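Analysis of the macromolecular model
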Amino acid sequence: MAQEADAMGTYDTTDWMKKKRWDKTFRERMEPAYDELKWLYAELYQNDMQAFLYFCEMLYACYKARSKELKKWDLGREAMPEWFSGNEMLGMLMYTNAFAGSLQGVQSHLDYIEECGVNYLHLMPLLSSPKGRSDGGYAVSDFREVEPSLGTMKDLAKLAEACHARGISVCLDFVMNHTSEDHEWAKRARAGEKEFQDRYFFYDNWDIPNEFEKTVPQVFPTTAPGNFTWCDEAGKVVMTSFYPYQWDLNYRNPVVFNDMTENMLYLCNQGVDIIRLDAVPYIWKTLGTNCRNLPEVHTLVRIMRIAAEVVCPGTLLLGEVVMEPSKVVPYFGTVEKPECHMLYNVTTMASTWHTVATRDVRLLKHQLGTVFALPKQYVFLNYLRCHDDIGWGLDYDYLKRFGIEEVAHKKYLNDYLKGAWPGTDARGELYNDDPRLGDARLCGTTASLSGIEAAEYEGREDKLDRAIRLDVMLHAFLFTQSGIPVLYSGDEIGQRNDYTYHENPERADDSRYLHRGNLDWDSVARRKEKGSREERVFDGIRKLSELRKKHRVFENEADTWIVETWNDHILGIGRYYRGEKLIALFNFSDQDETAWINEEEEYMDLLTGKKREAKAVDIPAQDFAWLITKL
């Protein structure tokens with residue numbers, strides 16, 4: 001292939017493609033994408049046509065390896081390209097071991113997952129990782145092997161097949177910024193093989209790393225300070241942006257990009273429908289920059305999008321971009337040149353918990369106004385809680401208008417939500433606490449942060465009623481947003497914090513395990529017991545989900561706007577789609593409040609089915625109303 005590329009010259013590869021004996025379907029997908037693919041690749045990798053031709057051959061090999069069943073799945077998705085943006089989507093995020101011990105265990109509980117109304121299943125990292133140095137599975141030692149304690153790659157394929165039979169899509173993390181120091185590439189790099197050292201960032205001394213440190217922020221300044229680690233075996237310095245055992249991959253090397261893209265497509269060929277691109281903003285490094293969100297990152301993601309559309313068009317790319325909206329939105333790409341299919345709405349999540357603690361909706365209104373102004377084809381994943389902490393990346397320039405100072409406000413939010421503020425029933429713990437900067441983040445389950453844990457500990461039915469009301473109200477707010485709502489496993493039954501991680505030496509230093517406890521199946525069984533906390537939360541969320549699926553006003557294509565309630569405790573959201581109009585009102589106060597609205601149409605309370613005027617609407621403390629009308 002090298003001689004072929006040299007003979008053709010830099011760009012004369014069209015004839016080469018025409019001569020390839022490619023499958024008709026593959027050729028029909030490849031030909032319209034080929035020129036852009038070649039141009040992007042050549043620009044990024046200095047016209048390395050040998051690497052590009054290898055990339056094309058690799059795509060075809062992955063396509064050929066895809067099963068007949070998955071190719072049929074692809075055809076169905078191609079016929080309905082917007083299949084993932086409707087109001088019927090509901091996701092659930094889970095750790096395989098915490099949910100059911102293994103992949104086979106998850107498969108055995110698909111009836112329960114369906115009962116929850118879930119048709120989008122996100123399995124947290126489950127590929128092979130070294131024990132004690134895995135960062136929760138984000139230090140991958142083999143991208144083609146499942147962690148043995150969870151099962152095998154065959155088990156993953158069987159689970160995906162069983163999910164597809166029920167109309168459930170499967171999402172899996174693809175950790176692309178780094179590998180474990182135990183990965184085969186890293187082992188060979190440690191042994192001194194230059195070819196494999198070139199797949200990472202190795203330096204003979206600290207001169208260049210020190211220059212990087214001048215402009216590159218630290219990801220975990222308290223638990224893993226610095227961006228580089230000395231490797232004794234190699235006698236060199238290696239870049240480790242996250243943890244010392246996670247070695248950053250060098251995407252300036254086309255071999256890295258080719259092989260990692262092949263690893264991604266291999267997972268797609270096991271039946272994975274959604275690839276979560278982990279830490280994607282970090283994957284391109286340039287000296288003198290902050291090594292975040294560089295233009296080359298978007299080129300790489302665009303090429304990966306093209307690769308997926310050619311090989312497995314039933315697959316979606318989900319970008320993990322945990323940053324402010326101005327940094328997040330560019331990862332959608334453009335209408336003509338799309339990048340990620342979906343992104344996380346992380347700012348709304350953080351603003352939601354800010355609003356729980358302050359009972360003031362003005363920041364949330366401001367933030368949602370920005371989201372509502374975005375093109376409707378942008379699909380966000382919305383969530384209340386996930387496997388990670390809550391970071392307080394709020395719009396402090398906006399908050400300054402109300403005399404709020406950043407460091408003091410972060411301390412208040414953390415004090416309130418960890419239960420250290422007078423009158424609060426929230427129960428959480430700090431993560432990565434840096435007293436010097438006052439920049440701690442927060443952990444805890446939705447139920448414990450809503451007050452359910454404290455109410456049950458105290459045996460206070462009045463507090464429990466209020467806490468469950470808040471929990472369900474927050475889920476109603478989640479379901480009111482455009483995009484895909486995602487539940488964190490256990491939230492559907494109001495599962496509380498798990499403090500046993502303090503007793504585990506491998507987890508005690510990571511407070512995120514507070515909300516990563518095993519699903520309590522005895523508690524799950526109590527969802528059938530009338531009046532139990534589990535039954536009240538489960539039925540409340542399930543009813544919201546069913547109403548959302550029934551009414552097209554919740555479609556992603558709906559018009560959305562902020563409804564002025566003239567009350568800083570009540571958030572108002574309007575939605576309109578094809579003759580249906582919804583007014584949603586959420587009272588974040590611990591007191592009964594009135595939304596001073598004056599809508600002229602005749603409305604029905606969506607939860608009760610009874611007529612209800614949308615004028616001066618009284619909303620009980622920490623409760624909500626969905627009012628709907630036909631126009």
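First, a word on scope: everything that follows refers to the structure included in this document. Here the structure is a predicted model, which is why all the values come from computation and not from measurement.

1. Observations regarding the sheet that holds strand β11 (residues 274–278)
Pairing in this closed barrel of eight strands is parallel, and the strands run β1-β2-β5-β11-β12-β13-β14-β17 around the ring. Recorded for the sheet is a direction-independent mean angle of 25° between the axes of neighbouring strands. Note: strand β5 (residues 169–175) against β11, five bridges, orientation parallel. Directly across from Leu172, in β11, lies its bridge partner Ile275.

2. Re the nonpolar core
Considering soluble globular proteins, one finds that nonpolar side chains tend to be buried as a cluster. Counting residues in hydrophobic clusters, the biggest one holds 200 residues, and the most contacted among them are Leu277, Phe586 and Trp626. Not counting the four nearest positions on each side in its chain, Phe586 is found in contact with Met473, Ala476, Phe477, Thr480, His569, Ile570, Leu571, Ile573, Asp623, Phe624 and Trp626. Val563, Ile570, Tyr603 and Leu627 belong to the second largest nonpolar core, which has twelve residues in total.

3. Examining the sheet that holds strand β24 (residues 624–630)
Strand order in this open sheet of five strands is β18-β19-β20-β24-β22, and the pairing throughout is antiparallel. Strand pairing shows two members of the sheet lacking a second neighbour, β18 (559–562) and β22 (604–605), which therefore form its edges. One ladder, built from two bridges, connects β22 with β24; its direction is antiparallel. The residue of β24 that forms the bridge with Met604 is Ile628.

4. What to know about the packing of helix α3 (residues 24–44) against helix α14 (residues 295–311)
Following both chains from N to C, one finds α3 and α14 inclined at 165°, their axes separated by 9 Å at the closest point. By the criterion of interaxial angle, the relationship of α3 to α14 is roughly antiparallel. The way α3 lies across α14 gives a crossing that is left-handed. Within the contact between the two elements, α3 uses Phe26, Arg29, Met30, Ala33, Glu36, Leu37, Leu40, Tyr41 and Leu44 and α14 uses Glu296, Thr299, Leu300, Arg302, Ile303, Ile306, Glu309, Val310 and Val311. Its residues placed into classes, the contact of α3 with α14 shows twelve nonpolar, one polar and five charged.

5. With respect to the side chain of His475
Structurally, His475 can be placed in helix α22 (residues 461–480). Apart from residues lying up to four places away in sequence, His475 is in contact with Leu384, Thr446, Leu487, Asp491, Ile541 and Leu544.

6. Side note on the environment of Ile541
Tracing the chain through its elements places Ile541 in helix α24 (residues 533–550). Ignoring sequence-local partners within four residues, the contact set of Ile541 consists of Asp471, His475, Phe479, Leu487, Asp491 and Glu492.

7. Considerations on the environment of Lys158
Structurally, Lys158 is set in helix α9 (residues 153–165). In this structure Lys158 comes out as partly exposed when scored by relative accessible area, which is 46%. Along the backbone, Lys158 and Gln270 are 112 residues apart, and their C-alpha atoms lie at a distance of 8.4 Å.

8. Details of the pattern of salt bridges
In the structure shown here, the tally under the stated rule is 58 salt bridges. With a shortest N-O distance of 3.2 Å, Glu78 and Arg29 are connected by a salt bridge. Of this pair, Glu78 sits in helix α5 (residues 68–79) while Arg29 sits in helix α3; the two residues are 49 residues apart in sequence, bridging distant segments of the chain. Residue classification places Glu78 among the partly exposed positions, given a relative accessible area of 35%. Residues participating in the shared-partner salt-bridge network are Asp425, Glu458, Arg460, Asp462, Lys463 and Arg466.

Calculation rules
- Numbers given to residues run from 1 along each chain, matching the order in which its sequence is written.
- This being a predicted model, a pLDDT of at least 70 is required before a residue's local features are given, and a value of 80 or more before pairs of side-chain atoms are given or counted; all residues contribute to the totals for chains, interfaces and linings.
- In computing side-chain values, all of the structure's heavy atoms are included and hydrogens and water are not.
- Only strands joined by at least two bridges in the DSSP assignment are considered to pair.
- The numbering of helices and of strands both runs from the N terminus, where a helix is a DSSP run of H or I of at least 4 residues and a strand a run of E of at least 2.
- Angles shown run from 0 to 180 degrees and are taken between the N-to-C directions of axes, each axis being a line fitted to C-alpha atoms and, for helices, limited to the stretch in contact.
- Among buried residues, those of type Ala, Val, Leu, Ile, Met, Phe, Trp, Tyr and Cys that are joined through side-chain atoms within 4.5 Å constitute a nonpolar core.
- The rule is simple: take the accessible area with a 1.4 Å probe, protein chains only, and divide by the maximum for that residue type; under 20% is buried, over 50% is exposed, in between is partly exposed.
- The contact criterion used throughout is that any non-hydrogen atoms of two residues lie within 4.5 Å.
- Each angle gets one of four labels, with under 35 degrees taken as roughly parallel, over 145 as roughly antiparallel, 65 to 115 as roughly perpendicular, and the rest as oblique.
- Here a crossing is called left-handed whenever its near helix is offset anticlockwise from the far helix by less than a right angle, and right-handed whenever the offset is clockwise.
- When residues are sorted by character, Ala, Val, Leu, Ile, Met, Phe, Trp, Tyr, Cys and Pro go into the nonpolar class, Asp, Glu, Lys and Arg into the charged class, and all the rest, Gly among them, into the polar class.
- One speaks of a salt bridge when a side-chain nitrogen belonging to Lys or Arg is within 4 Å of a carboxyl oxygen belonging to Asp or Glu.

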